[in-house]
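Single-letter residue listing:
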Amino acid sequence: DAKTTQPTSMDCAEGRAANLPCNHSTISGNEYVYWYRQIHSQGPQYIIHGLKNNETNEMASLIITEDRKSSTLILPHATLRDTAVYYCIVRVVGLDSGGSNYKLTFGKGTLLTVNP
Amino acid sequence: ETGVTQTPRHLVMGMTNKKSLKCEQHLGHNAMYWYKQSAKKPLELMFVYSLEERVENNSVPSRFSPECPNSSHLFLHLHTLQPEDSALYLCASSQDLLVAGANVLTFGAGSRLTVL
């Protein structure tokens, strides 16, 4: 799976949009971009995923650049409860040559702190 | 309520004890996972089960023994652990193995283990 690069930490004011960048310059055509977040002392939570089109759900929007080498997760109106570590993960979808491929590899993510 | 319930939430054990962590999912999923999260480290995949059959044993020491009696329950049996095994143990489930793009992980809140 392609490697991702995220800033270690970011700050955002409550009520403002939080824009979390992710670089995945070695992404291949069959790799999806996934975002999860982990609030302190809880399990990770799925947020959103996409292949090449921008995606939006009730939690966030995902903007993927046309060359797919980077993406941005947008939380439109950040709240204090959005303070968490945000993980950007790129992975191949479908069976690999070994007939498997079911791993989701988490990196270190970005610690987003939403301030009052 | 995430749909994945882990018990106990906190466990303190000595190195000679035998204990078990329990995970139950109420989502009708067919695949279940154990992850380990040590302090300051990314999540590490330990075991993967699909339809009660183990499909991954990620070089985990034998002092960790998983059990999946049915597709709704997953256990992690612990014996003669070391202090370095202290960590947050996370259970997750997915509809099927993470092969399709839309398959995502739903995590429990985790069991915080301290080995004295």
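1. Some remarks on the overall build of chain B
The secondary structure content of chain B amounts to zero helices and 11 strands. When the helices and strands of chain B are listed from N to C terminus, the series reads β-β-β-β-β-β-β-β-β-β-β. Along the three orthogonal principal directions, the C-alpha set of chain B runs to about 40 × 25 × 25 Å. Each of the 116 residues in chain B was classed as buried or not, and the buried ones make up 47%. Across chain B, the fraction of contacts at a sequence separation of at least 24, relative to all contacts at a separation of at least 6, is 55%. Counting every atom, chain B has about 5300 Å² of accessible surface; 51% of that belongs to carbon and sulfur.

2. Some details on the overall build of chain A
Scanning chain A for helices and strands turns up zero helices and nine strands. In chain A, the order of α-helices and β-strands from amino to carboxyl end is β-β-β-β-β-β-β-β-β. Summarising its shape, the C-alpha atoms of chain A cover approximately 50 × 30 × 25 Å along the three principal directions. As presented, chain A carries roughly 6000 Å² of accessible surface, and 50% of it is formed by carbon and sulfur atoms. Separation of charge centres in chain A, based on 10 positive and 10 negative side chains, amounts to 4 Å.

3. Topic: the sheet that holds strand β3 (residues 31-38) of chain A
Residues and elements named next belong to chain A. Strand order across the open sheet formed by five strands is β1-β9-β8-β3-β4, with mixed pairing between neighbours. The sheet terminates laterally at β1 (9-13) and β4 (45-50), the two strands that pair on one side only. On average, each strand axis in the sheet is inclined to that of its neighbour by 25°, with strand direction left out of account.

4. Re the state of the cysteines
In a disulfide, the sulfur atoms of two cysteines are held together by a covalent bond. Under the counting rule described, the total for this entry stands at two disulfides over all chains. A sulfur-sulfur distance of 2.1 Å marks the disulfide that ties C22 of chain A to C88 of chain A. Around the S-S axis, the bridge from C22 of chain A to C88 of chain A shows a dihedral of about -80° and counts as left-handed. Remark: C88 of chain A occurs in strand β8 (residues 84-92) and C22 of chain A occurs in strand β2 (residues 18-23); sequence separation between them is 66 residues. Each member of the pair, C22 of chain A as well as C88 of chain A, is classed as buried. Between the sulfur atoms of C23 of chain B and its disulfide partner C91 of chain B the distance amounts to 1.9 Å.

5. Observations regarding the sheet that holds strand β8 (residues 73-79) of chain B
Residue and element names in this part refer to chain B. The strand order across the open sheet formed by four strands is β1-β3-β8-β7, and the pairing between neighbours is antiparallel. Edge positions in the sheet fall to β1 (4-7) and β7 (64-70), since each of these pairs with one other strand and no more. The sheet shows a mean angle of 20° between the axes of neighbouring strands, direction not considered. As paired elements, strand β3 (residues 18-25) and β8 share seven bridges and run antiparallel to each other. By the bridge assignment for β8, S20 is matched with H77.

6. A few points about the pairing of β7 of chain B
Looking at chain direction, β7 of chain B and β8 of chain B are connected through five bridges and run antiparallel. Across the sheet, P66 of chain B pairs through a bridge with L76 of chain B, a residue of β8 of chain B.

What counts, and where the lines are drawn
- Residues numbered from 1 in each chain as written.
- Chains lettered and ligands numbered in written order.
- Predicted model: local features only at pLDDT ≥ 70, side-chain atom pairs only at ≥ 80, totals over all residues.
- Heavy atoms only, no water.
- Helix = DSSP H or I, 4+ residues; strand = E, 2+ residues; numbered from the N terminus.
- Buried < 20%, exposed > 50% of the residue type's maximum accessible area, 1.4 Å probe, protein only.
- Contact = heavy atoms within 4.5 Å.
- Areas by Shrake-Rupley, 256 points an atom, 1.4 Å probe, with all protein chains shown as cover.
- Lys, Arg positive; Asp, Glu negative; His and termini not counted.
- Charge placed at Lys NZ, Arg CZ, Asp CG, Glu CD.
- Pairing = 2+ DSSP bridges.
- Axes fitted to C-alpha atoms, helices over the stretch in contact; angles between N-to-C directions.
- Disulfide = S-S within 2.5 Å.

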